[in-house]
Amino acid sequence: MEIRRLELFYLRMKLRDEFRTSFGSVQERPVVLVRVEEKGGEEGWGELVADAGPWYSYETYDTSSTIIRNFIAPIVLQREIQDVYEFHAAVSRIRGYPMAKTAVEEALLDLYGRLEGKSIADIVGGVRKEIVSGVSIGIKRSIDQLVSEVETRLEEGYRRIKIKIEPGHDVEPVKAIRDRFGDIPLQVDANGAYTLRDMQVLRKLDNYGLLMIEQPLAWDDLVEHSILSRKLTTPICLDESIKTLGDLLVAYKLGSCEIVNVKPARVGGILRAKEILETAARLGIGAWIGGMLETGVGRAFLVALASHPAVNYPNDISASDRYWEEDIVEPPWKLTSNGTLEVPRQKGIGVEVRTDLIEKYLVEKWTATK
């Protein structure tokens, strides 16, 4: 692949509803799309999912954009890339910035798939025709509001409910959901809001038959999670703590988790995520694919990864209308009557980017050419 153009599209899009976690709330989201164009005119699209601030990750869309503009784009434009593994080797001297690398890697993978006539699912070894879709629900202003949204999402067909928790908002909402809906597949996500001093509260959650407790302790911790996992019967799932394959191996050795939430942008790309999935399967660690409020572009890569045979839990990959009034791809992602999303087998990401909507939401555009 000889790339002759790399472009960044900065969009400003509003979520349908406020989404609140233990580290903040978001209503309007910066969206950054990456487009690469090959010398023959074929294109590929990716998405930078870094947030406006360094809350989930140290990366922000500003800092990651700077890395792409000043360092990654010159590398991509100065050489012919045979495959995406070669891209990773070329940018390996750039320390960190997995989200920036993922955004460009996705665009190159989409381009490669279009040139080779392969879907992203084919490239990552996906085997499923459809993937099980769960939904993530943020912290609500009242228990009644939370229960009402859970009811709505179940009626829409989602096969698993995940709720965000934080100190003071944990056991009570879980109890309310169990009392109202019984033994539905349910899990909680703390986004690192607790410490071992909260052991008593976390142990109370053992009484509610949860699928897992996701990232209860600090975002960069592996050691204290290994202590907690021995005190609870509910499986621990790690998200923020697993940034590399090495982190997964250390977590396995320490016994820090039974399950891993794999987010490509957190681990440095689709191919890195594939490696983590396959290693988790060999180690007997459960896995699923998490989301980061992506548009339909980034969601396409998540769906493809979730079709991998190593994924054995419902995913945080919902329909387009869960977050957006109008998505920027055609067709938008829709939930089937079985609570699943269909895995495209067309070449590349399997959906087309709507340039009319990009123009509608566009704030800025940046272009680099060969």
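Being a predicted model, the structure only gives us computed values, none of them experimental.

Engineer: Would you take a moment to explain the nonpolar core for this structure?
Structural biologist: For soluble globular proteins, nonpolar side chains are generally found buried alongside one another. Core analysis: the largest hydrophobic core is formed by 123 residues, its most contacted members being Leu 6 and Ile 72. Among the domains, domain 1 (3-118 + 351-369) and domain 2 (122-342) are the pair contributing at least three residues each to this core. Contacts of Leu 6, omitting those with residues within four sequence positions, involve Val 34, Arg 35, Val 36, Ile 68, Ala 73, Val 76, Leu 77, Val 104, Trp 366, Thr 367 and Ala 368.

Engineer: Help me out: how do you make sense of the packing of helix H5 (residues 143-156) against helix H6 (residues 171-181) in this one?
Structural biologist: Geometrically, a packed helix pair is captured by the angle between its two axes and the distance between the axes. Taken N-terminus to C-terminus, the directions of H5 and H6 make an angle of 45 degrees; their axes are 10 Å apart at the nearest point. Between H5 and H6, the crossing angle belongs to the class labelled oblique. Here the hand of the crossing between H5 and H6 comes out right-handed. In this structure, H5 uses Ile 143, Leu 146, Val 147, Val 150, Glu 151 and Leu 154 to contact H6, whose residues at the interface are Glu 172, Pro 173, Ala 176, Ile 177, Arg 180 and Phe 181. Across the contact of H5 with H6, the residue classes break down as nine nonpolar, no polar and three charged.

Engineer: What am I meant to see in the domain arrangement of the protein here?
Structural biologist: The parts lose accessible area when they come together, and the size of an interface is often stated as this lost area. Considered domain by domain, the protein is made up of domain 1 (3-118 + 351-369) and domain 2 (122-342). Between the C-alpha centres of domain 1 and domain 2 the distance comes to 24 Å. The partner domain 2 presents 48 residues to the 41 residues of domain 1 that form the contact. Note on domain 1 versus domain 2: buried area summed over both sides is about 3900 Å², and carbon and sulfur give 64% of it. Residues Glu 325 and Arg 16 are paired through a salt bridge, measuring 4.0 Å at the closest nitrogen-oxygen approach. Where domain 1 touches domain 2, the interface holds 16 residue pairs in polar contact (both at pLDDT 80 or more). Of all the secondary-structure elements, those providing two or more residues to the side of domain 1 that touches domain 2 are strand E1 (3-21), strand E2 (24-38), strand E3 (43-48), helix H2 (84-90), helix H3 (98-116), strand E14 (352-353) and helix H13 (355-361). No other element matches the 10 residues that E1 contributes to the side of domain 1 that touches domain 2. Across the side of domain 1 that touches domain 2, the residue classes break down as 21 nonpolar, six polar and 14 charged.

Engineer: For this particular structure, what's the right way to read the sheet that holds strand E11 (residues 286-289)?
Structural biologist: Through backbone hydrogen bonds, the strands of a sheet pair up, either in parallel or in antiparallel fashion. What the seven strands build is an open sheet, ordered E5-E6-E7-E8-E9-E10-E11; its pairing is parallel. Where the open sheet ends on each side, the last strands, each with one partner, are strand E5 (134-137) and E11. Here E5 runs beside strand E6 (residues 160-164); their pairing, made up of four bridges, is parallel. Paired with Ser 136 across the bridge in E6 is Lys 162. Packing of H6 onto the sheet brings it into contact with E6 and strand E7 (186-189), and relative to E7 it is tilted by some 165 degrees.

Engineer: Any chance you could explain the pattern of salt bridges here in plain terms?
Structural biologist: For side chains bearing opposite charge, pairing can occur when the charged atoms are close. Counting across every chain of the model gives 29 salt bridges. Across the salt bridge formed by Glu 37 and Arg 35, the nearest N and O atoms sit 2.9 Å from each other. The same class applies to Glu 37 and to Arg 35, which are both buried. We note a salt bridge from Asp 179 to Lys 175, for which the minimum N-O separation is 2.8 Å. You can see Asp 179 and its partner Lys 175 sitting in helix H6, four residues apart, about one turn around the helix. Classification of Asp 179 by relative accessible area gives exposed; the value is 56%. The partly exposed category is assigned to Lys 175, whose relative accessible area is 40%. Three or more residues joined by partner-sharing salt bridges are found here, namely Arg 4, Arg 5, Glu 7, Arg 35, Glu 37, Glu 43 and Lys 365.

Engineer: Got a minute to help me understand the UniProt feature "domain: Mandelate racemase/muconate lactonizing enzyme C-terminal" (unreviewed entry) in the protein in this structure?
Structural biologist: Under the present numbering, the feature "domain: Mandelate racemase/muconate lactonizing enzyme C-terminal" (unreviewed entry) in UniProt falls on residues 143-235. For residues 143-235, the helix share is 43%, the strand share is 12%, and the end-to-end C-alpha distance is 25 Å.

Engineer: I keep staring at H3 and nothing clicks. Help me out?
Structural biologist: Because each turn of an α-helix spans 3.6 residues, side chains separated by three or four positions end up pointing in the same direction. Taking 1.5 Å as the rise per residue, H3 with 19 residues should run 27 Å; its terminal C-alpha atoms sit 26 Å apart, in good agreement. Among the 19 residues of H3, 16 are classified as buried, and the element is accordingly described as predominantly covered. Immediately beyond the C-terminal end of H3, within one or two residues, lies Gly 117, with a positive phi of roughly 70 degrees.

Engineer: I tried to follow unusual backbone geometry on my own but got confused; where do I start?
Structural biologist: A negative phi holds for most residues other than glycine; trans holds for most peptide bonds. Omega for the peptide link from Glu 330 to Pro 331 comes to -5 degrees, which places this bond in the cis form. Relative to the elements of secondary structure, Pro 331 occurs in the loop between strand E12 (329-330) and strand E13 (340-342). Residue Asn 191 is not a glycine yet carries a positive backbone phi of 50 degrees. With respect to the helices and strands, the residue Asn 191 is situated in the loop between E7 and helix H7 (199-204). For Asn 191, a relative accessible area of 9% translates into the label buried. A positive phi angle, close to 60 degrees, is found at Leu 293, a residue other than glycine. Inspection of the secondary structure assignment puts Leu 293 in the loop between E11 and helix H12 (296-306).

Cut-offs used in this document
Numbers given for residues are sequential positions, taken from 1 along each chain in its written order. Local features in a predicted model are, by the rule used here, given only for residues with pLDDT of at least 70; side-chain atom pairs are given and counted only at 80 or more, and totals for whole chains, interfaces and linings are based on all residues. Hydrogens and water molecules were not included; the side-chain quantities draw on all heavy atoms of the structure. Throughout, nonpolar core names a set of buried Ala, Val, Leu, Ile, Met, Phe, Trp, Tyr and Cys residues whose side chains join them through atoms within 4.5 Å. When accessible area is computed with a 1.4 Å probe and restricted to protein chains, residues below 20% of their type maximum are described as buried, those above 50% as exposed, and intermediate ones as partly exposed. The split into domains, and so the bounds of each, comes from an automatic or database assignment of domains. Residue contacts are defined here by distance: any two heavy atoms, one from each residue, within 4.5 Å place the two residues in contact. Interaxial angle, 0 to 180 degrees, is taken between N-to-C directions of lines fitted to C-alpha atoms, where a helix line uses only the stretch in contact. Counting from the N terminus, the helices are the DSSP runs of H or I reaching at least four residues and the strands are the DSSP runs of E reaching at least two. Any angle that is under 35 degrees is reported as roughly parallel, and any over 145 degrees as roughly antiparallel; angles of 65 to 115 degrees are reported as roughly perpendicular and all others as oblique. Note: crossing handedness is left-handed where the near helix turns anticlockwise from the far helix by less than a right angle, and right-handed where it turns clockwise. Polar here means any residue outside two lists: the nonpolar Ala, Val, Leu, Ile, Met, Phe, Trp, Tyr, Cys and Pro, and the charged Asp, Glu, Lys and Arg; Gly therefore counts as polar. Buried area is a sum: the accessible area each of two parts loses on coming together, probed at 1.4 Å, counted once for each and added. The term salt bridge refers to a pairing of a side-chain nitrogen on Lys or Arg with a carboxyl oxygen on Asp or Glu at a separation within 4 Å. N or O atoms closer than or at 3.5 Å make up a polar contact, with two conditions inside protein: a donor-capable atom paired with an acceptor-capable one, and, for residues adjacent in sequence, both atoms drawn from side chains. Two strands qualify as a pair provided that DSSP identifies no fewer than 2 bridges between them. UniProt positions are given in the numbering used here, feature names are shortened, and annotations may be inferred rather than shown by experiment. The span you would expect from a helix comes to 1.5 Å times its residue count less one.

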